[in-house]
Amino acid sequence: MNLEFNNLTYTVVNHRIRGKAKSRDILKSVNGKFFSGQLSAIMGPSGAGKSSLLNALSGYRSAGVTGEFLVGGRPRNDHEFHKLSCYITQDDLLQPLMTVGELMNLAAALKLPSSSSAAFRKSTVDDILRNLGLVDQENTRTEALSGGQKKRLSIALELVNNPPIFFLDEPTSGLDQVTTTHCVKLLRNLAKQGRTVVCTIHQPSASIFEQFDQVYVLAQGLCVYQGGTSALVPFLTSVGLACPRHHNPADFVIEVTESQSNIDTLSNLTQNGKSFQTDEIVKITNIVTNMELQVKKSEVQSPLENVTFQRRNSSTSVISQISNISSTMAWLKMRRLSTDSNIEYATSGFVQFRVLLLRMLLQIRRNTLGIQIQTVHHILCGLLIGLCFYGTANDGVQMFNHLKFCIGVTIFFAYTQIMVPVLVYPQEVKLVKKEYFNRWYGLAPYYAALTVSKLPLQVFLNVIFCSLVYFMAGLPVELFRFLLFCLVGNVVSLAGEGLGLAIGSHFSVTNGCAMGPLAIAPFLGLAIYGFDFAKSIPWMMNLLMKVSFVRCGVVALVLTVFGFGRQPLECDDLYCHFAKPNVLLDYLDISRTSVWFEIGSMVTLMLVFRSLCYLALRRRFAT
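Residues numbered from 1 in each chain as written. Predicted model: local features only at pLDDT ≥ 70, side-chain atom pairs only at ≥ 80, totals over all residues. Heavy atoms only, no water.

(A) Inspection of the sheet that holds strand β7 (residues 165-168) at higher detail. Ordered in space as β6-β7-β8-β3-β9-β10, the 6 strands form an open sheet in which the pairing is mixed. Lying at the two open borders of the sheet, with one neighbouring strand each, are β6 (85-88) and β10 (222-228). Shown here is a sheet whose adjacent strand axes are inclined to one another by a mean of 15°, direction ignored. In the sheet, β6 pairs with β7 via 4 bridges, with the strands oriented parallel. Within β7, the residue paired with Ser85 across the bridge is Ile165. (Pairing = 2+ DSSP bridges. Helix = DSSP H or I, 4+ residues; strand = E, 2+ residues; numbered from the N terminus. Axes fitted to C-alpha atoms, helices over the stretch in contact; angles between N-to-C directions.)

The following block contains the structure:
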């Protein structure tokens, strides 16, 4: 499946000067073609636009990209194209706390059709692991793999559904010479089986350079060479740039691009990528009409067989079958079936949700250190707050201490759950974007699984905290009141987590650490405002305070502690004005509100925060 691009331009907005946006062209109307069955390398000095070109070709980056894209000689349909290609990032983003075998089985469960038998999935996984040399690491967790093993695993995961097009960003980055050689040979073998394999690489050694069939050299956003690796030196010699004997051609072509005059000369000769340099005429036969006849003859087969490789007999390995699949035939079939919404993903949304939920629960269970830290945190904070208000819940004199108790409990739930996603989630977003882009699953099933998977541990730890502070403070031993106390705490916790996820999905860890406290500060300010002059608060301020889920949590806890027929508090003084709970509720001007209304307000705010997170993910994944 040949890839072709014409007049490709990629523009980014760097910054604004005096209110005007200043833009810069990373790619400047470049042209080119990458052929099926060839291993192609995009080279160039740092900042030349290698990754930008790869991102634009793969569709991984679409904002600011203009130009014409052709696949198999036809205009590229992005929706269809994403089903037939995969993108492997420079950083080996792999799910942590999972073994190689488990991760491969996860990929098979998501990327192979639900109708596939368990035996077929297992044989598919086993064949890929065996052919990529990962059998011995099948029970090894991903974080314990070497750099080369991680790279091979990243490729193995995408081989499960046999995409005919591979994009790889710096696949040899961080690898030693031997591992780099093995990695490039693996990519070359994949290309010879009929795939189009395109990768970026900085300055390969001479032996690695010879492994590539085609090289595309960029400099300052312009194409200075496109063609076979063996034709590079003769091409440079023809323009007076003779490569010294025993000099690495890959190093030499980078060196000559240090001169602006050389860049202009070479880009003009190549017509900015329109000219393809070869030792002899390169003939790439791609007879579409014959393929269409084969497609018509094979229409009796299942449509899913067009996208995923099937076992034709028990003795044939999966990798051997891959080489027998025509990528052009798959492309033609996919075009005819593209209107069928059932092939959006290999599995249904419910299956994706179930598989992802089981995976997330497994990762949470294996994260023993994280569980221990959270458990110790909840217990210590519960003991500390419980000691601060030990036995004071029935004292009619300490009205303000009762308020402090409710405020302290609410702030604990809010701040704890906000900061964890802010610090952790930005890294997960990168991994989810890669899997989502490669059509593993949809965003809605993932987000639903993410929300549900966190509930068991979160609720369990919240109940432990609530039990400590509730009974140490001396609140009435009433099941309904205790359960309502736990419910309010959990709702505040979920709202805080939603705000943390919204921040984590928008910002990096560095910016999120600044945005987290900034975001929670207004909610805290509104939470403690005006309790001593509650009846004098303007109606507009009362309305604004409803936006603070922390304020709603404080009010709900006060109503839980002092409402629902609470008996008068003990009074050791001659007169305790707030000994009767109703007097306190009336003083705070919350006697006419309901705890259920406050809980409903927090649930609404929680849904708003989580919707912002979902929309942020859609926006980030669409660029």
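(B) Fine view of the environment of Phe465. Mapping Phe465 onto the fold places it in helix α18 (residues 455-473). Filtering out sequence-adjacent residues up to four positions away, Phe465 remains in contact with His378, Cys381, Gly382, Ile385, Val409, Phe412 and Phe413. (Contact = heavy atoms within 4.5 Å.)

(C) Representation of the packing of helix α22 (residues 549-562) against helix α24 (residues 595-622). The interhelical angle for the contact between α22 and α24, taken along N-to-C directions, is 155°, at an axis separation of 9 Å. Judged by the inter-axis angle, α22 sits roughly antiparallel to α24. Relative to α24, α22 is oriented so that their crossing is left-handed. For the pair formed by α22 and α24, the contact residues are Phe549, Cys552, Gly553, Val555, Ala556, Leu559 and Thr560 on the first element and Val595, Glu598, Ser601, Met602, Leu605 and Phe609 on the second. Per-class residue counts for the contact of α22 with α24 are 9 nonpolar, 3 polar and 1 charged. (Parallel < 35°, antiparallel > 145°, perpendicular 65-115°, else oblique. Left-handed = near helix turned anticlockwise from the far one by under 90°. Nonpolar A, V, L, I, M, F, W, Y, C, P; charged D, E, K, R; others polar.)

(D) Seen up close, a nonpolar patch on the surface. A cluster of nonpolar side chains, Val376, Ile379, Leu380 and Leu383, forms an exposed patch at the surface whose accessible area comes to about 310 Å². Mapped onto the elements of the fold, Leu380 is located in helix α15 (residues 368-388). (Patch = residues over 30% accessible without salt bridge, like charges linked within 9 Å, V, L, I, M, F, W, Y side chains within 5 Å. Areas by Shrake-Rupley, 256 points an atom, 1.4 Å probe, with all protein chains shown as cover. Salt bridge = Lys/Arg side-chain N within 4 Å of Asp/Glu carboxyl O.)

(E) Expanded view of the nonpolar core. Counting 85 residues, the largest nonpolar core has Met43, Met104, Leu153, Ile155, Tyr446 and Leu617 as its most contacted members. The leading source of residues in this core is helix α3 (residues 100-111), at 8 residues. When near neighbours in sequence (up to four residues on either side) are disregarded, Met43 contacts Lys50, Ile201, His202, Pro204, Phe209, Val215, Tyr216, Val217, Leu218, Ala250, Val253 and Ile254. (Core = buried A, V, L, I, M, F, W, Y, C linked by side-chain atoms within 4.5 Å. Buried < 20%, exposed > 50% of the residue type's maximum accessible area, 1.4 Å probe, protein only.)

(F) Representation of the layout of surface pockets. Here the largest pocket is characterised by a volume of approximately 1,100 Å³. Forming the boundary of the largest pocket are 36 residues, of which Ile364, Asn367, Val424, Glu428 and Lys454 lie nearest the centre. Counting residues per element, the ones that place at least two in the lining of the largest pocket are α14 (349-366), α15, α16 (399-437), α17 (443-453), α18 and α19 (479-506). Sort the elements by how many residues they give to the lining of the largest pocket and α16 lands first, with 9 residues. Tallied by class, the residues present in the lining of the largest pocket amount to 16 nonpolar, 13 polar and 7 charged. Quantified by volume, the second largest pocket comes out at close to 500 Å³. (1 Å grid on protein atoms, 1.4 Å probe; cavity = no way out; pocket = protein on both sides within 12 Å on 5 of 7 lines; lining within 4 Å. Points joined across faces, edges and corners; volume = space filled by probe spheres on them.)

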